[in-house]
Amino acid sequence: MIKVEHLSKKFGDLVVLRDITIEIRKGEVISIIGPSGTGKSTFLRCLNLLDRPSSGSIYIDGIDILDPKADVPKVRQKMNMVFQSFNLFSHLTSLENLTIGQTKLLGMSKKDAKHKSMELLKLVGLAEKADSFPDELSGGQKQRVAIARCLAMDPEIILFDEPTSALDPTMVSEVLSVIRRLAKDGMTMAIVTHEMDFARDVSNRVLYMDEGLIYEEGTPQQIFENPQKERTMAFINRIRSLNYHISSPDYDLYALNAEIEIFCEKQILPRKTRHNVLLLVEEMLQIYNPFLHSTILDMKLAYSEKKESLELVFENTGEAINPLDKKRLPDELGLRIINNLAESIIYQREDNKNRLTLMMRL
Amino acid sequence: MKKSAILVFAGLMFVTVLTGCSKTENAITSFDDAKNAKIGVLTGSTGEAIAAAKFPNAQVKSFDDVMDSVAAMKSGQLDAVIVAFPTAIQISKLNPEFWYLPEPLQNEDTAIALKKGNDDLLATLNNIIAELKADGTLESMKNRWFKADLSPYKEMNITLPTEGKLLKIGVSAAREPFSFVDKNGKVTGHDTELARIISAKLQRPVEFSDMKFMALIPALQSGKVDMIVSGMTATDERRKSVDFTQPYFANAQVLFVKKTSVASTTSLSFFKSIANSFHSNIIQEERYLLILDGLKTTVVISVLATVFGTLLGALVCFMRMSKKSVLNLPAKIYISILRGTPVLVVLMLIFYVVFASVNIDPVPVAIIAFGMNFAAYVSEIFRTGIEGVDKGQIEAGIAMGFSGVRTFIYIVLPQTARRILPVYKGEFVSLVKMTSIVGYIAVQDLTKASDIVRSRTFDAFFPLVMVAILYFLISWFLMQSLEYVERITDPKFKRRKMSNA
C-alpha cells in the first residue's frame, strides 16, 4: 500500500533521515521505536508530506506522491495523523472536530456527518462529551477525540506520532486501549511510540530506528527478545553507560569517582551499590597501575535497567596479559576484594586487546 | 449608565463654571495697552505679520478659525485678537462685551486669487470688477452685507448658468459676512455673492469648496479650485505664489478687544443660559440639520474606511507574512511609513498631491486616506492574531486533507477573529475619532458642522460639548455591533444560548 524508497530528509546541514526503504502492507500495524532524535517523527511526517523529503520516493497505491502533479490533499485524506499534542481544533466542539472534515472535504450532509461522528465518539467512549470544547477535556479524552477525528475521514492508514507522550501516566492506558481496538479491527497503522510493552503486543512488525536509518526490523519477538544488533540490544535492554579513557598513570581519580557517582545517581542505584562500584573501580585501577605508562585503558560502566545488572568492562592494548592472573600479583588482598564484589569475571583477548568483563551484583 | 450620566453632567457643570469666570480684567483702549498683551491671530492671515511688526513684545497665539480665538478671548486666555473689521463687527453683534479699536492696524486690499499664469482669466476678472465698481454693484453689496444690526441679509437675485465648464471657487466659510454657511447649509456671504456674479458673467456654473483658510492656497495651486474668493488680502508674500485681481473691497485689520466697562449683561440663571445656548446653537436656523448632515458624513466615512481598511489590511497582512521578500518588503515599508506619518498629512497628500489634477469628491479621498492608515495598523493586528493560532492545529488541518487556503478559512480565521476583536475594536474607535480632521479637505463632517455653528454663534461651549457627546454615541453604537460579532464568534456562545433556551 505504501512503498518508500531511499527516502532522506535534511534540515539545512542536519541529516535526519539517511536512506529509508520500506513497504507497509494493508492491515499491518507497524511500531517505530528508537531513541529520541533519530528521525522517527520526521519519517512519519514525511509520509504525509507535512515535511517534504529531500530525496527518495513514496508510492501510495502505486501513485508517486512526490510528483508535483499529485493531489497531495486528496492523498492525505486517506492517511490521517494523530499527533503527540492532540491538535484538536480549539474553536470547535468534539463533535464538530469530527464533522468538519466530513462535510467540507468528503461532501457529506450535516445530518449524516453528525450521525457517523456520534457513532465514532461512542466507539472511543466519549459520546457524552460531544458538545464539550477541547479545553474542557482531559489529555486522554482529547487524544481519543483526535483518534475519532481521524477515523471520521475513513482513512486507509493512520499515522500515530507518539500518541501518549504528552499524557499523564494515568491516561496512557485509555488511549492505548482505543488503539488496540483499532488494531483488532484490522486498521492499518504506523505508530511511533515509547511504550515498549504496547508496541510488542499491538504490532505485527517493529522498526528500530537509529542514526536516521531503519537500523533493525522484525517481528516483535525478534526485536524485543532477540535483537541482533548492538544498538538495538542496548535500547531494548535499556542500557545506559559511562565511558572513561585513561591514557597516563597521572589520571584524575577524583574526577573519575565524581562521574561514577553522578552516573549511579542518575540510574537511581542504591547507595550500597554506588559504594561497591567505587571500591571495585579503585581496586581494578590499582591492579592496572603498572600498565598505565605503556598502554591505553578504556573503562566502560554499563547499567541495564531491564536486566537490572551492572557491567564493568576494561579494555587495554598491548601484549596479551590477564591483569588478574594470580601469579602476576604481589598479594591477593585486592583480588579477593574484587572476587567478592563481582559476580562473574571474564577475560577475553580480541582485536589485539585484553578485555575484562565484570558483572556486578545489585 | 445612570451613574455615568451623572458624572458627565457634573463634568459639564465644572467646565461651565471654569469658562464662566474670566481671568484678566485689564482692558485695552489703545495700541499701547496691547504692548504686552496676549494677542490672537489667524493662521495664514495678515494678522500674523501685523502682530510681529506692531506688538513685538506681545504673546502671539495662532488660531485656525475666528471662533476659536473668540472663544479663547471669552475664557480669558487672550486679551485681543487681530481680525478684519467686518468680522469684528459681526462678532460684536452677537457678543456685546467686545468691540474693536477704531484706528485700523493696517489697510488692506481684498482681491480674488488665481493660479499663476492664468492671464486671460485674470484680465477678464479685472474687467468684471471694474465694471461692478463703476455701476455701483460693489457699493450695494457692501451696504447689504457689512451692516451693524442683526437683521437678515438681503441677497441679490442672480440667475446662475447650469451648463458650461465648472467654475470651482475656494472659500473658507467660517468668516461671516465674507463667506459663511446659511441655515440651508448653503455657502453665502459678500464674497460668495461676488463669486456668483462672476459665474453668471462668465457663463460657467459655480461650485464652492469650503475648507480651512490656510488650505486655500495649496488647493488653488494643486488645481482643486480655480480661484479663491474668500476675503483674502493681496499681500506681497502671497503674490509670490498666486496672482491677485484688482481689489474688490477695501479691508482693514483692527484690534478686537474687550469693552472697558462691561455693561453688566443681565446675569441669567445657569439653566436659562443653557436653554438660550441650546436655542441659538441648535434650533435657530435649523442648525441641527447641519449637525445631522455632519453626523451622517462622519458615520459614512468611519464605516467605509473601516471596511476598506480591513480589506486592505488583510492584503497587507498576507503580503507581510509571505516568505517572499518581493511581497513582504513592500508590506513592511507600507506599514512603517503609514504608521510613522500623521494621518492628517496622509489625507492632505492624497487630496492635494495624488489627486491634484483630478476633480474628485473629498469624501472618497477621506475614506481612502483613513482606510490606508487603518490598514497599516490592523494588518499587524491580524498578523499577531494569525501567528497566535496553534501551529499544531494548522498541521492537523493539513494532515486531514484540507488545502492551505481551506485550513486558513476553517481553522485559522475563526480563531483569529475572536482573538483580535478586542484590539480591533479599540483601533476602530480611534479611527472614528480621527475622522474629525476631514475638514481640512473640505468635507463637512460632525466637527466641521460644529465649527460652522461656532463661526456663526461664537459660542464655544455648547457645540463642542454636543459634538463630544455625539462622537461618544457614534463610537458606542458602532462598538455595540462589533461586540455582537465578538459574542457570536465565541464558540461557547451558541451552546450557552441553546442551554438557556
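For the structure, check the block above.
Everything numeric here is computed off the predicted structure, so don't read it as measured data.

(A) Inspection of the overall build of chain B at higher detail. The number of helices and strands found in chain B is 19 helices and 14 strands. Its C-alpha atoms give chain B principal-axis dimensions of about 90 × 60 × 45 Å. Expressed as a percentage of its 501 residues, the buried residues of chain B come to 50%. Across chain B, every contact between residues at least 6 apart in sequence was considered, and the portion connecting residues at least 24 apart equals 76%. Carbon and sulfur atoms make up 62% of the accessible area of chain B, which amounts to about 23,500 Å² in all. The positive charge centre, built from 55 side chains, and the negative charge centre, built from 45, are 10 Å apart in chain B.

(B) Up close: a nonpolar patch on the surface. Residue and element names in this part refer to chain B. Judged by side-chain polarity, Phe278, Ile283, Tyr288, Leu289 and Leu292 come together as a nonpolar surface patch covering roughly 430 Å² of accessible area. Going through the elements one at a time, α10 (270-283) and α11 (287-321) are the ones with two or more residues in the nonpolar patch. Tallying contributions element by element places α11 first for the nonpolar patch, with three residues. Here Ile283 lies in helix α10.

(C) Representation of the pattern of salt bridges. Taken as a whole and judged by the stated rule, the model has 33 salt bridges over all chains. When the shortest N-O distance is used, the salt bridge between B:Lys425 and B:Glu486 registers 3.0 Å. Taken together, the residues span a long stretch of sequence, with B:Lys425 in helix α16 (residues 404-434) and B:Glu486 in helix α18 (residues 461-489) at a distance of 61 residues. Three or more residues joined by partner-sharing salt bridges are found here, namely A:Arg25, A:Glu28, A:Arg205 and A:Glu217.

(D) Seen up close, the interface of chain B and chain A. Contact with chain B, which involves 21 residues of that partner, is made by 28 residues of chain A. Both sides together, the interface formed by chain B and chain A hides about 2,100 Å², and carbon and sulfur atoms give 61% of it. When the buried surface of chain B facing chain A is broken down by residue, B:Ala399, B:Met400 and B:Arg495 rank first, second and third, together holding 29% of it. In this assembly, chain B and chain A are joined by one salt bridge. Salt-bridge contacts for A:Arg45 lead to B:Glu395; the nearest nitrogen and oxygen are separated by 2.5 Å. At the boundary of chain B and chain A, one finds eight residue pairs in polar contact (both at pLDDT 80 or more). At the level of elements, α15 (391-400), α16 and α19 (491-500) of chain B are the ones that each hand at least two residues to the side of chain B that touches chain A. Top element by residues in the side of chain B that touches chain A is α15(B). It accounts for eight residues. The residue inventory of the side of chain B that touches chain A, partitioned by class, reads nine nonpolar, six polar and six charged.

(E) A look at the packing of aromatic side chains. Residue and element names in this part refer to chain B. Applying the stated criterion across every chain yields a total of 19 aromatic pairs over all chains. Each ring, one from Phe146 and one from Phe178, has its centre 5.4 Å from the other, and the planes form 65°; the classification is edge-to-face. With Phe146 in the loop between α6 (137-145) and β7 (167-171) and Phe178 in the loop between β8 (174-175) and β9 (179-181), the pair connects residues that are 32 residues apart, well separated along the chain. Neither residue differs from the other here; Phe146 and Phe178 are each classed as buried. Plain terms: the ring middles of Phe351 and Tyr352 are 4.9 Å apart, the flat faces sit at 75° to each other, and that makes the pair edge-to-face. The burial state of Phe351 is the same as that of Tyr352; both residues are buried. Connected via pairs of aromatic rings, a cluster forms that spans Phe85, Phe146, Phe178 and Phe249.

(F) Molecular detail of the environment of B:Lys35. Residue and element names in this part refer to chain B. Inspection of the secondary structure assignment puts Lys35 in the loop between α1 (2-20) and β1 (38-42). Looking at Lys35, the relative accessible area reads 44%, which means it is partly exposed. On a C-alpha basis, the gap between Lys35 and Asn276 in space is 36 Å, while along the polypeptide they are 241 residues apart.

Conventions and cut-offs
- Residues numbered from 1 in each chain as written.
- Chains lettered and ligands numbered in written order.
- Predicted model: local features only at pLDDT ≥ 70, side-chain atom pairs only at ≥ 80, totals over all residues.
- Heavy atoms only, no water.
- Helix = DSSP H or I, 4+ residues; strand = E, 2+ residues; numbered from the N terminus.
- Buried < 20%, exposed > 50% of the residue type's maximum accessible area, 1.4 Å probe, protein only.
- Contact = heavy atoms within 4.5 Å.
- Areas by Shrake-Rupley, 256 points an atom, 1.4 Å probe, with all protein chains shown as cover.
- Lys, Arg positive; Asp, Glu negative; His and termini not counted.
- Charge placed at Lys NZ, Arg CZ, Asp CG, Glu CD.
- Patch = residues over 30% accessible without salt bridge, like charges linked within 9 Å, V, L, I, M, F, W, Y side chains within 5 Å.
- Salt bridge = Lys/Arg side-chain N within 4 Å of Asp/Glu carboxyl O.
- Buried area = accessible area lost by both parts, 1.4 Å probe.
- Polar contact = N/O pair within 3.5 Å; in protein donor to acceptor, adjacent residues only side chain to side chain.
- Nonpolar A, V, L, I, M, F, W, Y, C, P; charged D, E, K, R; others polar.
- Phe/Tyr/Trp six-rings, centres within 6.5 Å; stacked < 30°, edge-to-face > 60°.

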